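Architecture and fold: a report
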Amino acid sequence: MRTTTSSPPDSPPDSPRDGVPAASAEAAGRPGGGYSRAACLPGDPRAAAAARQFVRTVFADWTAQALPGSPDLTERLADEAVLLVSELVTNAVVHAGTAVELRCRLEPSAGPGPYDHPQADPDGLDGTDRTGVVIEVSDHHPARPVRAREEATASEGGGHGLQLISAVAESWGITYRRAMKTVWFRLPADPDGTARPEPEGAVDNQLLQRGLRAAELLAPTPRRAVRQASEGDWVHQGALSFLAEASDLLSGQLDADQVASLAAQLTVPRLADWCAVWLYDGDGGAPGRGIEADGEAQRLARVWHSSESRIDSLRTVLEKDPPPMAGGDTGLSSTPTAVRWPWPPEPGGYGPGGAALACPLVAGGRRLGTLLLGRSGLLRFPDEVIGLVEDLCRRVARAMATARAYSRQERISQVLQRRLLPRGRAQVPGVESAVVYEPREGAWAGGDFWDLFDAGDGRWCFALGDVCGSGPEAAAVTGLARPVLRLLARDGFGVAEVLDRLNKTMAREAADSVAAVAAAVAAAGAGAEAPVEIRDEGEQARFLSLLYGEIVPYHGGSGGARCTLASAGHPLPLVLGADGAVRVVAAPQMLLGVVEDAAYVSESFDLCAGETLLCVTDGVTERRSDGRLFDDEDGLTTALAACTGLGATAIAEHIRSTVHAFAPTPPDDDLALLVLQAAGPATAAAGAVAAAPPGPPLP
């Protein structure tokens, strides 16, 4: 077992606290062991809340049982224990990812023990003769390194757990066992109200009262007997550390509600006892418009209290009297300036009266919400804290604006994506179908598309296309091609005629784009350039590779179908026979949109019972890994041959997983494939009966 400890410098070397406190019994009364309570917490986000509740329950039980030393357990001691336990349990869940074991032990004052040396500290400040609470937090990931406070950096994302311990606890340490790592700390009680030594730079308690020591907790400095720096400089240093942490946490959030949640948790308990965040979800507050607009409403997005049992009652009180969206005579405006706010009524629900602040969340001249916070026991917030709150609200507002902009773009993408894809896949009698469609990771909208629809007269048409390029320009071409295909097919045009007409449409669209650029240049005069948006659209003429066909099931329930198709610059379709043989069933032809008068031809073949037609985009065939392509040396043919005997859905999933496994990185192109499998005679007959129209009613 390897143990590292941290203790006051004046502790004697042979003191028992120079190591981790000895394990204690679950029952009270063992000499030297104190009174111990333990709990096992799940390794998920619920653990921190459960730990806080457990600590407060243990403190309450000890007090109710009138155990020796329990009269010294003050509210402040409980708050500090809850704060440190919350930080340590959160770190254990995030970084170790295992279940967490939590143990609390009350050590009543019993005078110096046989190994204590009170003469080493005549004032008794080392806690050996005072009541104290020892808390241990253990996880089951002993190999996880724990860096000392001097080595930790904000970029490691490890939080401030050990820094808070070193600032608040009397002594602390870390123990490594074979299958467990334990972090422990001891908090001494102050039975006579005597304050223990504070870390250097501790803010005057009369200034912030009731432990309002945000700077102390966020940027603690080593203990010294005499402070060297002025208090103002030290508070400024703590504020910079706090704002740096807030900026780092808020910058990665793309959800407005999550930003509101983080803002509340950053504020409580460091700056306030409770915090509430209102959000305006409408478009009011835009430059040139009033803050309030018709139909616009604000909502209470987040409420947080240092005592979680009071959150619901606080929410109920605040919802009755929200801050106005327009400034009026409240002092709130469209500038991020905090104003004093009346302490909400009915204080019994969330603590005694105190001071409250309201600060608008303003970004880009638009008011996005309001942050309201309060701390009991204060007549007013100090100016330093008000300035810190205003700086925090500016950062929260910018993060909120970024999250809202992202949400709007995401909604646009989702709506367009739904319009670009078919609403469903037609059921072809006697033919099983399967589709895989995966837009490129992070893509605004996919350039690949597919379709399978009923064209009437016993024909079903299918298409698999790939627009050259990506982004919204490629999506615009997709939005043109798919409706035209459906319109021409349902008007009775054959496969080759559909491609001829679609090719002419796309070629003329490209010519119109070039003409628009030329007209813009001519209008601007000699030597001028067209606007960037027009020039880019014209220079990036969009062509389309397309595999299009129609399938006509055989009548009589014999299974199989007649298939007619054509490939315009698209990866060639493959047919897997029932015997495992793979063959190509189309010839390559020109891309659509390149040459207006190009003529296309179609090819027909029988898709016999048990045979499978596979159509893919170049996102499958051109998947890269170390300079190789997936379809090099007939890679797609080999993968399809391995699917002999599988159904359409299983074949589609096998091809998809094989493509993903070909390279260690995610695909950098859209991936789409369509599988059509002719059923056997029995299945085809059942499908034909199910698809047949109902007959006349029986007499």
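Now for a description of the structure that goes with this document. (Residues numbered from 1 in each chain as written. Predicted model: local features only at pLDDT ≥ 70, side-chain atom pairs only at ≥ 80, totals over all residues. Heavy atoms only, no water.)

Our next topic: the overall build of the chain. Within the chain, the secondary structure is distributed over 16 helices and 24 strands. Evaluated residue by residue, the chain yields a buried proportion of 48% over its 699 residues. The long-range share in the chain, meaning contacts at least 24 apart out of those at least 6 apart in sequence, stands at 69%. (Helix = DSSP H or I, 4+ residues; strand = E, 2+ residues; numbered from the N terminus. Buried < 20%, exposed > 50% of the residue type's maximum accessible area, 1.4 Å probe, protein only. Contact = heavy atoms within 4.5 Å.)

Counting 56 residues, the largest nonpolar core has L318, L361, L371, L373, F381, V396 and M400 as its most contacted members. If we skip the residues at most four places from it in the chain, L373 touches T267, A272, W274, C275, A355, A356, L357, F381 and V389. Judged by nonpolar contacts, the second largest core, of 42 residues, contains L41, A78, I135 and A189. (Core = buried A, V, L, I, M, F, W, Y, C linked by side-chain atoms within 4.5 Å.)

Our focus in this paragraph is the packing of helix α7 (residues 256-267) against helix α9 (residues 383-420). The N-to-C vectors of α7 and α9 enclose an angle of 165°; their axes lie 8 Å apart at closest approach. The angle between α7 and α9 falls in the class roughly antiparallel. The interaxial crossing formed by α7 with α9 has right-handed handedness. Contacts between α7 and α9 involve A256, V259, A260, A263, L266 and T267 from the former and L392, V396, A399, M400, A403 and R404 from the latter. Classifying every residue of the contact of α7 with α9 gives 10 nonpolar, one polar and one charged. (Axes fitted to C-alpha atoms, helices over the stretch in contact; angles between N-to-C directions. Parallel < 35°, antiparallel > 145°, perpendicular 65-115°, else oblique. Left-handed = near helix turned anticlockwise from the far one by under 90°. Nonpolar A, V, L, I, M, F, W, Y, C, P; charged D, E, K, R; others polar.)

This next bit is on the side chain of H570. Here H570 lies in the loop between β16 (561-568) and β17 (574-576). Note on H570: relative accessible area 5%, which makes it buried. From its side chain, H570 meets the backbone oxygen of V616 in a polar contact 2.8 Å long. (Polar contact = N/O pair within 3.5 Å; in protein donor to acceptor, adjacent residues only side chain to side chain.)

With that settled, consider the sheet that holds strand β12 (residues 431-438). Spatial ordering of the open sheet is given by β12-β24-β21-β17-β18, a layout of five strands whose pairing is antiparallel. Strands with a single pairing partner mark the edges of an open sheet, and in this sheet they are β12 and β18 (582-584). On average, each strand axis in the sheet is inclined to that of its neighbour by 20°, with strand direction left out of account. (Pairing = 2+ DSSP bridges.)

Before going further, it helps to examine the sheet that holds strand β10 (residues 354-363). What holds strands together in a sheet is hydrogen bonding between their backbones, with the strands either parallel or antiparallel. In space, the five strands of this open sheet follow the order β8-β7-β11-β10-β9, with antiparallel pairing throughout. Since the sheet does not close on itself, it has two edges, and those belong to β8 (298-305) and β9 (339-341), each with one partner. The average angle at which neighbouring strand axes cross in this sheet is 25°, direction not considered. For β9 and β10, the ladder comprises three bridges, and the chain directions are antiparallel. The partner of W341 across the bridge, within β10, is A356. Of the strands in this sheet, β7 (274-280), β8 and β11 (366-376) are in contact with helix α8 (residues 311-320), which crosses β8 at around 145°. Across the sheet, α9 is in contact with β7, β10 and β11; its angle to β10 comes to roughly 40°.

On to the environment of W341, then. In this structure, W341 sits in strand β9. On the accessibility criterion, W341 (15% relative accessible area) is buried. On a C-alpha basis, the gap between W341 and A355 in space is 7.6 Å, while along the polypeptide they are 14 residues apart.

The N-to-C vectors of helix α1 (residues 47-64) and helix α2 (residues 75-96) enclose an angle of 150°; their axes lie 8 Å apart at closest approach. In terms of their interaxial angle, α1 and α2 are classed as roughly antiparallel. Both α1 and α2 take part in a crossing whose hand is right-handed. Across the interface between the two elements, A47, A48, A51, R52, V55, R56 and F59 of α1 pack against E75, L77, A78, D79, A81, V82, V85, S86, V89, T90 and V93 of α2.

Tracing the backbone shows V277 in strand β7. Residue class for V277 comes out buried when judged on its relative accessible area of 0%. For V277 and V259, which are 18 residues apart along the polypeptide, the C-alpha to C-alpha distance reads 9.8 Å. Excluding residues within four positions of it along the chain, V277 makes contact with A260, R299, L300, A301, R302, L361, T370 and L371.

Its location among the elements puts D451 in strand β13 (residues 448-456). Engagement of the side chain of D451 in a polar contact is seen with the side chain of R486, the distance being 2.7 Å. If we ignore the near neighbours within four places in the chain, the residues touching D451 are P422, C461, F462, A463, R482 and R486.

For any pair of aromatic rings, geometry is given as the distance between the ring centres together with the angle between the planes. Tallied over the full model, the rule gives two aromatic pairs. Look at F59 and W62: their rings are 6.0 Å apart centre to centre, the planes differ by 35°, and that puts the pair in the tilted class. Note that F59 and W62 are positioned in helix α1 at a spacing of three residues, about one turn of the helix. Here F630 and F662 contribute two aromatic rings whose centre-to-centre distance is 5.5 Å and whose plane-to-plane angle is 90°, an arrangement assigned as edge-to-face. Of this pair, F630 sits in the loop between β23 (628-629) and α14 (635-641) while F662 sits in the loop between α15 (648-661) and β24 (671-678), and the two are 32 residues apart along the sequence. (Phe/Tyr/Trp six-rings, centres within 6.5 Å; stacked < 30°, edge-to-face > 60°.)

A cluster of nonpolar side chains, M590, V594 and V595, forms an exposed patch at the surface whose accessible area comes to about 220 Å². Along the chain, V594 turns up in the loop between β19 (588-589) and β20 (603-607). Using a relative accessible area of 40% as the deciding quantity, one classes V594 as partly exposed. (Patch = residues over 30% accessible without salt bridge, like charges linked within 9 Å, V, L, I, M, F, W, Y side chains within 5 Å. Areas by Shrake-Rupley, 256 points an atom, 1.4 Å probe, with all protein chains shown as cover. Salt bridge = Lys/Arg side-chain N within 4 Å of Asp/Glu carboxyl O.)

Between the first and last C-alpha of α7 there are 17 Å, a value that for 12 residues agrees with the 16 Å anticipated at 1.5 Å per step. Most of α7 is tucked away: nine of the 12 residues are buried. Every buried residue of α7 is listed here: A256, V259, A260, S261, L262, A263, A264, L266 and T267. For α7, the side-chain oxygen to backbone nitrogen distance between the N-cap and D257 is 3.1 Å, and the N-cap itself is D255. (Expected span 1.5 Å × (residues − 1).)

Time to look at the pattern of salt bridges. It is possible for side chains of opposite charge to pair when their charged atoms get near one another. The final tally for this structure, using the stated rule, is 26 salt bridges. Look at the salt bridges and you will find they share partners, linking R105, E107, E136, E170 and R186 into a network.

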